[in-house]
Amino acid sequence: AHGILEESGWPGRLIALLILIAPITWAAIATPDRYSPNAVMNKGLYDPNYADTSRAEQFSLRKDDKGKPAMPTAKPSPAINDLPPATVASAPPIPGAPPPPTKPGEPPNANKAPKPATESKSYGTFTLEDLKAQVPMSKEGNFLLDVPEIYYTGGDLEVQKVLTGQMVETTAQVLPEKVNNPDGHRLRIFRMLVQCCAADARPFSVPIDFGKKAPEYKDMTWIKVTGKVSYKKEGDQTVPLIEVSKVEETTAPDNAMIY
């Protein structure tokens, strides 16, 4: 306050407090308690990584015999001293270690490995019986899945084989599709997934295809989508896609964000 609260009288102090309180109060009243379309787009709506495994265990369709998500456990790498001499020279670099020095005449990035493509992987046997046992179904026989559950199947080849052609039902918000949509047949549905708090939530999204010109919805509208799951290879990713058979506007669920 640069001394105004200590040096001025009560009128000056009240003015100083109003200068602080008025804009803060107005911001609290006028600011919507939800993300805008631009905020969702800026958080990576159109740049998903379907092979991401950061929270895949939470949304995996695989369950163990206790109903908990079952994901593969990576085998530990052998210690460098346990490798035979011929293998040490070609051993993969230790994560976090600096790259080996380049040879004279080589460019600075000569030892930098190319970025791997995000491809689906096989994690073992998964059957339709497993899917039916672990995923609830509607009275019409559609599998009830949240968008993040569909999202993470893009990195699991075995689940893709089972889920392809199956009817699913999901509730999500909708925005226009701005990638891989030359004919205007697609929209993009998403759910906001909280990482730590609402401020750092990010969208998990999948495209939906109508097979004809997609209908228009107001941005961020909540819709219930019923359709058949398929997978498309687009760029270096396997993209989960819902081929829509039915869509209707609906109300937001009790928990608009998924935790």
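Predicted, not measured: the structure shown is a model, and the values here were computed from it. (Residues numbered from 1 in each chain as written. Predicted model: local features only at pLDDT ≥ 70, side-chain atom pairs only at ≥ 80, totals over all residues. Heavy atoms only, no water.)

A.B. asks: Help me understand the packing of aromatic side chains, please; the structure alone is not making it clear to me.
C.D. replies: One pair of aromatic rings is described through two measures. These are the centre distance and the angle between the planes. Counting across every chain of the model gives five aromatic pairs. Taken together, a centroid distance of 6.1 Å and an interplanar angle of 10° make the contact between F59 and Y152 stacked. Of this pair, F59 sits in helix α4 (residues 56–59) while Y152 sits in helix α7 (residues 147–152), and the two are 93 residues apart along the sequence. Per residue, the accessibility class of F59 equals that of Y152, and both read buried. (Phe/Tyr/Trp six-rings, centres within 6.5 Å; stacked < 30°, edge-to-face > 60°. Helix = DSSP H or I, 4+ residues; strand = E, 2+ residues; numbered from the N terminus. Buried < 20%, exposed > 50% of the residue type's maximum accessible area, 1.4 Å probe, protein only.)

A.B. asks: How should the pairing of strand β3 (residues 186–193) be read in this particular structure?
C.D. replies: Sheet faces and side chains relate simply in a regular strand, where the side chains alternate between the two faces. Burial analysis of β3 places eight of its eight residues in the buried class, which makes it a mostly covered element. What you see with β3 is no split at all: R186, R188, F190 and M192 on one side and L187, I189, R191 and L193 on the other are buried throughout. Sheet analysis places strand β2 (residues 167–176) next to β3, joined by four bridges and oriented antiparallel. Bridging from a neighbouring strand, V174 pairs with I189 of β3. (Pairing = 2+ DSSP bridges.)

A.B. asks: Looking at this structure, I do not really get the environment of K218. What am I missing?
C.D. replies: Structurally, K218 can be placed in the loop between β4 (202–209) and β5 (222–234). The exposed category is assigned to K218, whose relative accessible area is 70%. With 44 residues separating them along the chain, K218 and V174 place their C-alpha atoms 8.1 Å apart.

A.B. asks: Help me understand a nonpolar patch on the surface in this model?
C.D. replies: A contiguous nonpolar surface patch, about 380 Å² in accessible area, is contributed by L14, L17, L20 and I21. By secondary structure assignment, the location of L14 is in helix α2 (residues 10–30). (Patch = residues over 30% accessible without salt bridge, like charges linked within 9 Å, V, L, I, M, F, W, Y side chains within 5 Å. Areas by Shrake-Rupley, 256 points an atom, 1.4 Å probe, with all protein chains shown as cover. Salt bridge = Lys/Arg side-chain N within 4 Å of Asp/Glu carboxyl O.)

A.B. asks: Help me out: how do you make sense of the confidence of the model for the chain in this one?
C.D. replies: Low pLDDT means the predicted atomic positions in that stretch should not be read closely. Put simply, the chain has an average pLDDT of 82, and 76% of its residues get 70 or more. Long-range and interchain partners of residues 72–91, a stretch whose pLDDT sits below 50, account for six contacts in this model, where long-range means more than four residues apart. Note on residues 106–115: pLDDT under 50 across the span, and six contacts to partners over four residues away in sequence or across chains. (pLDDT = per-residue confidence, 0-100. Contact = heavy atoms within 4.5 Å.)

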